[in-house]
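Letter by letter, the chains look like this.
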Amino acid sequence: MVLFRVIETRPVQHVPQRNVALALSLIKKDNFELVAQKCTEIGVSEFIPLVSERSEKKALNMKRLKKIVIEACEQSGRGAIPLVREPVALEDFLNAEPRNVVAFHTDGEKAKTDVFEIDNVVLCIGPEGGWSDTETELFRSRKAALAKLDLPILRAETAAIVVATLFLYRS
C-alpha cells in the first residue's frame, strides 16, 4: 500500500474561457517550439503541426516538443497539459476536423469581431510566405473562415501568438 500526503496546494491561475486549438504550419524548429511554449503559457489547449506546401520542415522532434509544453505548463502554473498531435498534411487535417476552423491569411477578409466569438475553434496559421493559392481554395471548399488581422504582415510565429491571445482573452 502507498500513502500520500498533500503538503501544499496552489489555486489554479487564470483559465481561459474558450477552448482554442492552434494548427500551425511547420516552420523552423526553434520558432515552432517558441510558439508551443508561449501559447501553452497563455492557454492554448491543443497543437496541430501542419505540413503545407511551403512548410520549412516536414517533421518535428515530438518528444522534445512535448517536454517544452510540459515545462511551459509548470512555469505558468497551468494544470492541464495541451494535446500535441503528430504532424498531418493540411488536406488530411481539414477532411477530418469537425470543429470550426479559422485560417489566417494576408488575402483574407479583415477579421470581424464575430470571428473572435467562435467557441471550440482551430486557428490555422500558415508558413512563412503564407498559404498557397491551392491551400486557400482548400480552406474555402471546407467552409473555413479566412481572416486577416488589421496589423502589419507578421512572421508566422508572431501571428500564432497574437491570434491565440486575441481568441483566448478577447472580452
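Residues numbered from 1 in each chain as written. Predicted model: local features only at pLDDT ≥ 70, side-chain atom pairs only at ≥ 80, totals over all residues. Heavy atoms only, no water.

1. A closer look at the packing of helix α1 (residues 29–42) against helix α2 (residues 62–76)
As a reminder, the rule being used: Lines fitted to C-alpha atoms define the axes here, with helix axes fitted over just the stretch in contact, and angles between the N-to-C directions of these axes take values from 0 to 180 degrees. Numbered from the N terminus, helices here are DSSP runs of H or I no shorter than four residues, and strands are runs of E no shorter than two. Two helices crossing with the near one rotated counterclockwise from the far one by less than a right angle form a left-handed crossing, whereas a clockwise rotation gives a right-handed crossing. Only heavy atoms matter for contacts: two residues are in contact if any of them lie within 4.5 Å across the pair. Three categories are distinguished: nonpolar for Ala, Val, Leu, Ile, Met, Phe, Trp, Tyr, Cys and Pro, charged for Asp, Glu, Lys and Arg, and polar for the others, with Gly belonging to the last.
Relative to each other, α1 and α2 sit at 30°, their axes nearing to 8 Å. As for the relative orientation of α1 and α2, their crossing is right-handed in sense. Across from Lys29, Phe32, Glu33, Ala36, Gln37, Thr40 and Glu41 in α1, the residues of α2 making contact are Arg64, Leu65, Ile68, Val69, Ala72, Cys73, Gln75 and Ser76. When the residues that make up the contact of α1 with α2 are grouped by side-chain class, the tally is seven nonpolar, four polar and four charged.

2. Structural notes on the pairing of strand β2 (residues 46–51)
Our working rule: Accessible area is worked out with a 1.4 Å probe on protein chains only. A residue is then buried under 20% of its type maximum, exposed over 50%, and partly exposed in between. Only strands that DSSP links by at least two bridges are regarded as paired with each other. With the strands pointing away from the viewer, any crossover whose connection runs clockwise from the first strand over the helix to the second is right-handed.
The buried fraction of β2 is high, at five of six residues. Examined bridge by bridge, strand β1 (residues 20–25) and β2 share five bridges and lie parallel to one another. What sits directly across from Leu24, in β2, is Pro49. Bridging between β2 and strand β3 (residues 83–84) involves two bridges; their strand directions are parallel. Across the sheet, residue Glu46 finds its bridge partner in β3, namely Leu83. In this view, the connection linking β2 to its parallel neighbour β3 by way of α2 has right-handed handedness. Alignment of β2 against strand β4 (residues 88–89), held across two bridges, turns out to be parallel. Each bridged residue has a counterpart across the sheet, and for Val51 the counterpart in β4 is Ala89.

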